[in-house]
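A look at the structure
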Amino acid sequence: MSHRAFTLTAKTLLVGFSSLALVACGGGQERPSADLAASNVTTIGVNAYLWRAALDTLSFAPLLQTDSAGGVIVTDWYANPDNSAERVKLTVSILDQDLRADAIRVAASRQVAAGGQWVDAPVQAATIQKLEDIILTKARDLRRGAVGS
């Protein structure tokens, strides 16, 4: 092998090894993009998808209190126009920054009109479970929509 061919081969190997070193250090790769739809992305104290879904779900009732840092939404008494002899008051608590089934809790109070006064009445557990399911489904749909965009 001639001196010139040896020098050219050495230079090629040097450039090749330098390129490999840069790639190994990450110099040749793009920075990974952040997953903006991650379940705990939030500028509030709780999971943003659960928060938005809970507000959307309770939009039929007047709100008494909302605390995005603590994750609490409390409605005022709501009477369905089709059944004005009954009213409900709801409290939704978001317990975590992750989008999980156990990160949401709904509490409900129910009253019925009896003798011109409101009297406390039981709330069916299935009603509370249904509200929690609706909120979770909406939150998952919101997240899915954010991931897809």
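Being a predicted model, the structure only gives us computed values, none of them experimental.

We now examine the confidence of the model for the protein. When the pLDDT values of the protein are averaged, the result is 80; 70% of them are 70 or greater. When pLDDT is averaged over each helix and strand of the protein, the minimum, 44, is found for helix 1 (residues 3–25) and the maximum, 98, for strand 2 (residues 72–75). Confidence drops under a pLDDT of 50 for residues 2–29, and excluding neighbours within four residues, the segment shows six contacts in the predicted structure.

Right, let's talk about the layout of surface pockets for a bit. To find the voids left in a structure, one rolls a probe of water-molecule size over its atoms. In this structure, the largest pocket encloses a volume near 320 Å³. Secondary structure elements with two or more residues in the lining of the largest pocket: strand 3 (86–94), strand 4 (104–114) and helix 3 (125–148). When residues of the lining of the largest pocket are assigned to their parent elements, the largest contribution, four residues, is made by strand 3. Here the residues of the lining of the largest pocket sort into eight nonpolar, four polar and three charged.

Okay, the sheet that holds strand 2 next. Taking strand neighbours across the sheet as the criterion, the five strands line up as 1-2-3-4-5 in an open arrangement whose pairing is antiparallel. Each having just a single partner strand, strand 1 (63–67) and strand 5 (117–121) make up the two edges of the open sheet. Between one strand axis and the next, the sheet turns through 15° on average, direction left out of account. When strand 1 meets strand 2, the two strands line up antiparallel, connected through four bridges. Directly across from Leu63, in strand 2, lies its bridge partner Thr75.

Across the interface, helix 2 (residues 48–57) lies against helix 3 with an axial gap of 8 Å and an inter-helix angle of 125°. Viewed along their axes, helix 2 and helix 3 adopt a mutual orientation that is oblique. For the crossing formed where helix 2 meets helix 3, the hand is right-handed. Contact residues: helix 2 offers Tyr49, Leu50, Arg52, Ala53, Ala54, Asp56 and Thr57, while helix 3 offers Leu131, Ile134, Ile135, Leu136, Lys138, Ala139, Leu142, Arg143 and Ala146. Residues that form the contact of helix 2 with helix 3 fall into these classes: 11 nonpolar, one polar and four charged.

Now for the packing of aromatic side chains. Tallied over the full model, the rule gives one aromatic pair. When the ring of Phe60 is compared with that of Tyr78, the centres are 4.9 Å apart and the planes differ by 75°; the resulting orientation is edge-to-face. One end of the pair, Phe60, is in the loop between helix 2 and strand 1; the other, Tyr78, is in the loop between strand 2 and strand 3, with 18 residues separating them in the sequence. According to the relative accessible area criterion, Phe60 is partly exposed, its value standing at 38%. On the basis of relative accessibility, which here comes to 22%, the residue Tyr78 falls in the partly exposed class. Above the ring of Trp77, the side-chain terminus of Arg87 is found at 4.5 Å from the ring centroid.

Okay, the environment of Arg105 next. Mapping Arg105 onto the fold places it in strand 4. Each C-alpha atom, one on Arg105 and one on Val72, is 9.7 Å from the other, the two residues being 33 residues apart in sequence. Leaving out residues up to four positions away in the same chain, Arg105 has contacts with Thr91, Val92, Ser93, Leu95 and Glu132.

This paragraph deals with the environment of Val119. In this fold, Val119 is placed in strand 5. Separated by 33 residues in sequence, Val119 and Glu86 have C-alpha atoms that sit 9.4 Å apart. Those residues within four positions of Val119 in sequence are excluded, and the remaining contacts are Arg110, Gln111, Val112 and Ala114.

What counts, and where the lines are drawn
- Residues numbered from 1 in each chain as written.
- Predicted model: local features only at pLDDT ≥ 70, side-chain atom pairs only at ≥ 80, totals over all residues.
- Heavy atoms only, no water.
- pLDDT = per-residue confidence, 0-100.
- Helix = DSSP H or I, 4+ residues; strand = E, 2+ residues; numbered from the N terminus.
- Contact = heavy atoms within 4.5 Å.
- 1 Å grid on protein atoms, 1.4 Å probe; cavity = no way out; pocket = protein on both sides within 12 Å on 5 of 7 lines; lining within 4 Å.
- Points joined across faces, edges and corners; volume = space filled by probe spheres on them.
- Nonpolar A, V, L, I, M, F, W, Y, C, P; charged D, E, K, R; others polar.
- Pairing = 2+ DSSP bridges.
- Axes fitted to C-alpha atoms, helices over the stretch in contact; angles between N-to-C directions.
- Parallel < 35°, antiparallel > 145°, perpendicular 65-115°, else oblique.
- Left-handed = near helix turned anticlockwise from the far one by under 90°.
- Phe/Tyr/Trp six-rings, centres within 6.5 Å; stacked < 30°, edge-to-face > 60°.
- Buried < 20%, exposed > 50% of the residue type's maximum accessible area, 1.4 Å probe, protein only.
- Lys NZ or Arg CZ within 6 Å of the ring centre and 35° of its normal.

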